[in-house]
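Reading the structure
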Amino acid sequence: MKKVYRMENLDCANCARKMEDAIQKLDGVESVNINFLTQKMILTADEEKIQEIAEKAAKLCRRVEPDCRVIL
C-alpha cells in the first residue's frame, strides 16, 4: 500500500536522504521517498502494518532532525 504524508520543518535535502536511508531499513517497508521541496514522504509498505511503520518513520525523522514533523 502506498501513502503520502505531509511533513513540516524539513530543512535540508541531506537530512531527507538520511531519513530515507533509516526508514528503508524498517521491517515491512517496500520503498520510501522523501521530497525536500514538496515536504512530502511517500511510503510504500505492507498494508496491515503501514500505520505502525509510519509512526516508527516519524520517530526516525525526528531523530535526524528534531524540529521535523510527519503529519500522520
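Look up: the structure comes first, before these words.
In this report, the structure presented in the accompanying data block is examined. What you are looking at is a predicted structure, and each value in this text was computed from that prediction instead of being measured.

1. Quick notes on the packing of helix α1 (residues 13-24) against helix α2 (residues 50-64)
- Their axes nearest at 9 Å, the elements α1 and α2 cross at an angle of 140°. Here α1 lies oblique to α2, going by the angle between them. Seen from above, α1 lies across α2 with right-handed handedness. On the side of α1, the interface is formed by Cys-15, Lys-18, Met-19, Ala-22 and Ile-23, while α2 contributes Ala-57, Leu-60, Cys-61 and Val-64.
- Of the residues belonging to the contact of α1 with α2, the class tally is eight nonpolar, no polar and one charged.

2. Some words on the nonpolar core
- Met-7, Leu-10, Met-19, Ile-23, Ile-34, Met-41 and Leu-43 are the most contacted members of the largest nonpolar core, which totals 23 residues.
- At the level of elements, β1 (2-8), α1, β2 (29-35), β3 (40-45) and α2 are the ones that each hand at least two residues to this core.
- The leading source of residues in this core is α2, at seven residues.
- Setting aside its immediate chain neighbours within four residues, Leu-43 contacts Met-1, Lys-2, Lys-3, Tyr-5, Ile-23, Val-29, Ser-31, Val-32, Ile-50, Ile-53 and Ala-54.

3. Points about the sheet that holds strand β4 (residues 69-71)
- Pairing within the open sheet is antiparallel, and its four strands lie in the order β2-β3-β1-β4. Each of the sheet's edge strands pairs with one partner strand only, and the pair in question is β2 and β4. In this sheet, adjacent strand axes meet at a mean angle of 25° when their direction is disregarded.
- Direction of pairing for β1 relative to β3: antiparallel, over a ladder of five bridges. Within β3, the position partnered with Arg-6 by the bridge is Lys-40.
- Across the face of the sheet, α1 comes into contact with β1, β2 and β3 while running at roughly 170° to β2.
- Set on the sheet, α2 makes contact with β1, β2, β3 and β4; between it and β3 the angle comes to about 140°.

Scoring rules and cut-offs
- Residues numbered from 1 in each chain as written.
- Predicted model: local features only at pLDDT ≥ 70, side-chain atom pairs only at ≥ 80, totals over all residues.
- Heavy atoms only, no water.
- Axes fitted to C-alpha atoms, helices over the stretch in contact; angles between N-to-C directions.
- Helix = DSSP H or I, 4+ residues; strand = E, 2+ residues; numbered from the N terminus.
- Parallel < 35°, antiparallel > 145°, perpendicular 65-115°, else oblique.
- Left-handed = near helix turned anticlockwise from the far one by under 90°.
- Contact = heavy atoms within 4.5 Å.
- Nonpolar A, V, L, I, M, F, W, Y, C, P; charged D, E, K, R; others polar.
- Core = buried A, V, L, I, M, F, W, Y, C linked by side-chain atoms within 4.5 Å.
- Buried < 20%, exposed > 50% of the residue type's maximum accessible area, 1.4 Å probe, protein only.
- Pairing = 2+ DSSP bridges.

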